[in-house]
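Architecture at a glance
Read off the chains here:
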Amino acid sequence: MVDICNNRSYELLKSITVSDQLVQLKLEEIKYMFRNEIRSNRNMDRIKTVKDLIDYLERNDSLSEWNIEPLREIADHCGGNLERAIVDYISPRDTLTGRNIYREQRLSEEFRNKLEINNGDVEQTGQAAATNCHDKLIKCYTQHDASSFEKKKKAIFKLITSNIGHSWRSLGRELDIPQGTMDAIEVQYPHDLNSRVQKMLKTFEEDVVDDPNRRALQLCRALEACRRKDLRRKVEDIMSYL
């Protein structure tokens, strides 16, 4: 059943984007932001207006009422009315699932770490409450079977491989991959960026504890640290909804 309210809200977001003069003025910059989705110079040349760009992103399933991340990135780049409208947008996925449990898990763990750091200033009951919340979320995720986690891992690695670009070294540093290891990877794949990223992620996977939750949490923190909040959000969504 189609959620008419959400559909109208999504159409409104698109309308605001198309009518925003600043977005149109920055179209070439924005097209470059989505170069991985657009895929070729020929497609780049065909996109003459913001509406063309939105139509293209919808056709290749990069944009929908379920996933407005491209509009969020445009809003981050241009600000204005679109940025304000996105704050109030609720996707159909959010209305169906109610909450992003994985994001809650990440925030819960960060909160618990802060409590541990400030142990002398926090009452023991507060620590126990945070620990219980964290443990419940961990339990929720450990109930998934191995095939489910494998599917999520493949989707996350594919997402990062396709989108991290030349920031792969920054991500590697945040994942504690040694500089020498990254140098060796670049020597091994001098002209193949995707293979470099895949090799780096494989190295990361081999080095961390075999716990999908911890692995994903570490990836999210690393993406946040290297200023790829867009990818961090997508990783969280994959862990929560895929």
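Residues numbered from 1 in each chain as written. Predicted model: local features only at pLDDT ≥ 70, side-chain atom pairs only at ≥ 80, totals over all residues. Heavy atoms only, no water.

Now for helix α15 (residues 193–207). The first and last C-alpha atoms of α15 sit 21 Å apart over 15 residues, in line with the 21 Å expected at 1.5 Å per residue. Every buried residue of α15 is listed here: S195, R196, V197, M200, L201, T203, F204 and E205. Between the side-chain oxygen at the start of α15 and the backbone nitrogen of N194 there is a gap of 3.4 Å, and the oxygen is on D192. (Helix = DSSP H or I, 4+ residues; strand = E, 2+ residues; numbered from the N terminus. Expected span 1.5 Å × (residues − 1). Buried < 20%, exposed > 50% of the residue type's maximum accessible area, 1.4 Å probe, protein only. Polar contact = N/O pair within 3.5 Å; in protein donor to acceptor, adjacent residues only side chain to side chain.)

Moving on, we get to the nonpolar core. One finds I156, I160, I164, L171, M200 and L219 to be the most contacted residues of the largest nonpolar core, which totals 26 residues. Mapped by element, the contributors of at least two residues to this core are α12 (146–163), α13 (168–174), α14 (179–188), α15, α16 (212–225) and α17 (229–241). Among all residues touching L219, those that are not within four sequence positions of it are I156, F157, I160, L175, L201 and F204. In terms of nonpolar packing, the next biggest core, distinct from the first, is built from 25 residues, I30, L57, L63 and I86 among them. (Core = buried A, V, L, I, M, F, W, Y, C linked by side-chain atoms within 4.5 Å. Contact = heavy atoms within 4.5 Å.)

In this structure, the second largest pocket encloses a volume near 380 Å³. For the second largest pocket, the lining is made up of 18 residues, of which M33, E73, N163, R228 and D230 are closest to its centre. Mapped onto the lining of the second largest pocket, the elements with two or more residues apiece are α4 (35–38), α7 (69–78) and α17. In terms of residue class, the lining of the second largest pocket is built from four nonpolar, four polar and ten charged. The two domains that each donate at least three residues to the lining of the second largest pocket are domain 1 (6–88) and domain 2 (143–240). (1 Å grid on protein atoms, 1.4 Å probe; cavity = no way out; pocket = protein on both sides within 12 Å on 5 of 7 lines; lining within 4 Å. Points joined across faces, edges and corners; volume = space filled by probe spheres on them. Nonpolar A, V, L, I, M, F, W, Y, C, P; charged D, E, K, R; others polar. Domains from an automatic or database assignment.)

In this section: the environment of K199. One can find K199 in helix α15. By relative accessible area, which is 34% here, K199 ends up partly exposed. Separated by 17 residues in the primary sequence, K199 and M182 have C-alpha atoms spaced 9.2 Å apart. The contacts of K199, once residues within four sequence positions are left out, are I185, Q188 and Y189.

With that out of the way, let us pick up the packing of aromatic side chains. Geometry of an aromatic ring pair is reported as the spacing of the ring centres plus the angle between the planes. Using the criterion set out here, one finds zero aromatic pairs in the structure. For R35, the ring lying beneath its charged end belongs to Y32, and the centroid distance is 4.1 Å. (Phe/Tyr/Trp six-rings, centres within 6.5 Å; stacked < 30°, edge-to-face > 60°. Lys NZ or Arg CZ within 6 Å of the ring centre and 35° of its normal.)

Before going further, it helps to examine unusual backbone geometry. Located in the positive-phi region is R39, a residue other than glycine, with phi close to 80 degrees. Along the polypeptide, R39 turns up in the loop between α4 and α5 (41–46). Since its relative accessible area comes to 64%, R39 is described here as exposed. One non-glycine residue, D176, lies in the positive phi region at around 65 degrees. Assessed through its relative accessible area of 60%, D176 is described here as exposed.

Keep in mind that these numbers describe shape and distance, not what the molecule does.
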